[in-house]
Amino acid sequence: MDSKHHLNNYSVEQVKNKYKQIYDLINSDLSSNIFGNYSFFLNYGYIADHNPQYSNVELPKQELNKSSIKLILEVIGDCDIRDGEILDIGCGRGGTSFTINKYFGVKRIIGLDQSSNAISFCKQKFENYRLQFLEGDAENLPFSNNLFDIITNIESSCNYPHILNFYTEVYRVLRMGGYFLYSDIFLAESMDHTLNVLDKIGFVLEIDRDITNNVLLSMNESAARHLAAYSKDKNEKMLNNFVALPGSKIYEDLKNRKMLYKIFRFRKEHGKIQSLNQEQALNYSNSLAIEILNHS
Ligand SMILES: C[S@@+](CC[C@H](N)C(=O)[O-])C[C@H]1O[C@@H](n2cnc3c(N)ncnc32)[C@H](O)[C@@H]1O
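First, a word on what this report is: a plain description of the structure on this page. In this text the structure is predicted, and so the values were computed from the model without any measurement.

Conventions adopted
Residues numbered from 1 in each chain as written. Predicted model: local features only at pLDDT ≥ 70, side-chain atom pairs only at ≥ 80, totals over all residues. Helix = DSSP H or I, 4+ residues; strand = E, 2+ residues; numbered from the N terminus. Rg over C-alpha atoms; globule rule 2.2 N^0.38 Å. Buried ≥ 20, exposed ≤ 12 C-beta atoms within 10 Å, placed from the backbone. Contact = placed C-beta atoms within 7 Å. Pairing = 2+ DSSP bridges. Axes fitted to C-alpha atoms, helices over the stretch in contact; angles between N-to-C directions. Near = placed C-beta within 6 Å. Nonpolar A, V, L, I, M, F, W, Y, C, P; charged D, E, K, R; others polar. Right-handed = clockwise from strand over helix to strand, strands pointing away. Expected span 1.5 Å × (residues − 1). Bend = angle between axes of the 7 residues up to and from the residue. Left-handed = near helix turned anticlockwise from the far one by under 90°.

1. Regarding the overall build of the protein chain
Here comes step 1: When helices and strands are counted, the protein chain shows twelve helices and seven strands.
Here comes step 2: Relative to the globule expectation of 19 Å for 296 residues, the C-alpha radius of gyration of the protein chain, 18 Å, shows essentially globular dimensions.
Here comes step 3: Dimensions of the protein chain, computed from C-alpha atoms along their principal axes, come out at roughly 50 × 45 × 40 Å.
Here comes step 4: With 296 residues in all, the protein chain has 43% of them scored as buried.
Here comes step 5: Long-range contacts, defined as pairs at least 24 residues apart, comprise 73% of the intrachain contacts of the protein chain with a sequence gap of at least 6.

What follows is the structure, encoded as structure tokens:
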């Protein structure tokens, strides 16, 4: 069986190209209206509920894009990232780099994304000697081994067709003892398998949080507002799903817990990747990337 089989007859390259087209379009759409200049975030956001919060940063009551910033701060939690060399994979419009630079004193942060339009926005808006941006593929990172202290990845990996390549690349470019701060939507049925694979690669799981309810609260509050930022000539169902309006497929799948929204903190330790057998590796093509694509 090749990976094509698991991707409903799409090839890995076709899936990547489709997501590139989608995000290039989204970014050019945003850049053509008045919201674009202030739209740094493409994540669904986090609103606190009765469960414990992990971030030490207190945000002001009124803050533009507060729930998106809060999601990033919760992903970082109490991890000490000051003075670190940081890589943000799937950086979108630079919101994570911007937030990390604003609230923590980092040495350097590189944002990487496969959307050229996202990267040109980031360069024009944020680039300086500490914040740098690069076009590239999460499954084939253009860096040497053991380079970064911290790698962040927020709401992007659900697009990666051969996600095992992403995990092994993160492991390769992270220094021993470095942290992989990771947040995304996952299919509930494949959660155990994902954690098992990450363990075999050599990641030690330090934090595992289910924030599905926090993300749903944020969607309730902001999805309708986010719709206003996109032009109305787009397919309505696709846009509703993209912003995760209540009633859309992603919203309902999170609500009925077919999908889960998680925050993980992993530490790189010596790996056991050779114990991943070929079948486990092949079966790791990401069916969520196709499911989301089919509703885009
Ligand atoms: C939902 S956005 C999240 C952006 C950002 N992390 C945030 O929180 O605002 C997903 C991003 O992942 C990027 N992406 C998708 N597939 C990718 C890949 N194979 N390599 C790099 N970036 C990718 C998209 O271009 C998009 O900018």
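2. Looking at the sheet that holds strand β1 (residues 85–89)
Here comes step 1: Spatially, the seven strands line up as an open sheet ordered β3-β2-β1-β4-β5-β7-β6, and their pairing is mixed. Pairing within the sheet leaves two strands with one partner each, and these edge strands are β3 (131–135) and β6 (203–210). Each adjacent strand pair in this sheet contributes to an overall mean axis angle of 15°, direction not counted.
Here comes step 2: Sheet analysis places β6 next to strand β7 (residues 259–268), joined by seven bridges and oriented antiparallel. Along β7, the bridge assignment pairs L205 with F266.
Here comes step 3: Against the sheet, helix α4 (residues 95–103) engages β1, β2 (108–113), β3 and β4 (148–154), with an angle of about 170° to β2.
Here comes step 4: Taken strand by strand, helix α7 (residues 191–201) contacts β5 (174–187), β6 and β7, and its axis lies near 155° from that of β6.

3. Examining the site of the ligand
Here comes step 1: Within the structure, the ligand sits among 23 residues, and Y23, N43, G90, G92 and S156 are positioned closest to it.
Here comes step 2: Ranked by residues supplied to the shell around the ligand, first place goes to helix α2 (residues 12–31) with three residues.
Here comes step 3: For the shell around the ligand, the per-class residue count stands at nine nonpolar, nine polar and five charged.

4. Describing the pairing of β4
Here comes step 1: In terms of burial, β4 is largely enclosed, as seven of its seven residues are buried.
Here comes step 2: The sheet contact formed by β1 and β4 spans four bridges and is parallel. Bridge pairing in β4 links L87 to I151.
Here comes step 3: In this sheet, β5 lies alongside β4 in parallel orientation, the contact comprising six bridges. Residue pairing for β5: N153 is matched across the bridge by Y182.
Here comes step 4: With helix α6 (residues 163–173) bridging β4 and its parallel neighbour β5, the resulting β-α-β unit is right-handed.

5. Here's the deal with helix α8 (residues 212–227)
Here comes step 1: Along its 16 residues, α8 runs 21 Å from first to last C-alpha, staying within 8% of the 22 Å computed at 1.5 Å per residue.
Here comes step 2: Where α8 bends most, at E221, the angle is about 45°.
Here comes step 3: Regarding α8, the residues found buried are N214, V215, S218, M219, A223 and H226.
Here comes step 4: If you follow the buried residues of α8, they end up packed against α3 (66–76), α9 (236–243), α10 (249–255) and β7.

6. Quick word on the packing of α6 against α7
Here comes step 1: Where α6 contacts α7, the two axes come as close as 10 Å, and the packing angle between them is 35°. Here α6 and α7 pass one another in a crossing that is right-handed. Where α6 abuts α7, its residues L164, Y167, T168 and Y171 lie against V197, L198 and I201.
Here comes step 2: Looking at the contact of α6 with α7, its residues break down into six nonpolar, one polar and no charged.

7. Observations concerning the environment of N213
Here comes step 1: Residue position: N213 is located in helix α8.
Here comes step 2: What makes N213 partly exposed here is the crowd of 16 C-beta atoms within 10 Å.
Here comes step 3: Put simply, N213 and R172 are 41 residues apart on the chain and 33 Å apart in space, counted from C-alpha to C-alpha.

8. Some remarks on the pairing of β7
Here comes step 1: Of all the ten residues making up β7, eight are buried; the element is thus mostly covered by neighbouring parts of the structure.
Here comes step 2: With nine bridges joining them, β5 and β7 adopt antiparallel strand pairing. Counterpart to F180 in the pairing with β7 is F266.

9. Topic: unusual backbone geometry
Apart from glycine, the bulk of residues carry a negative phi angle, and the bulk of peptide bonds sit in the trans form.
Here comes step 1: Residue E155 is not a glycine yet carries a positive backbone phi of 50°.
Here comes step 2: In this structure E155 comes out as buried when scored by C-beta crowding, with 22 C-beta atoms within 10 Å.
Here comes step 3: Even without being glycine, R257 reaches a positive phi, approximately 65°.

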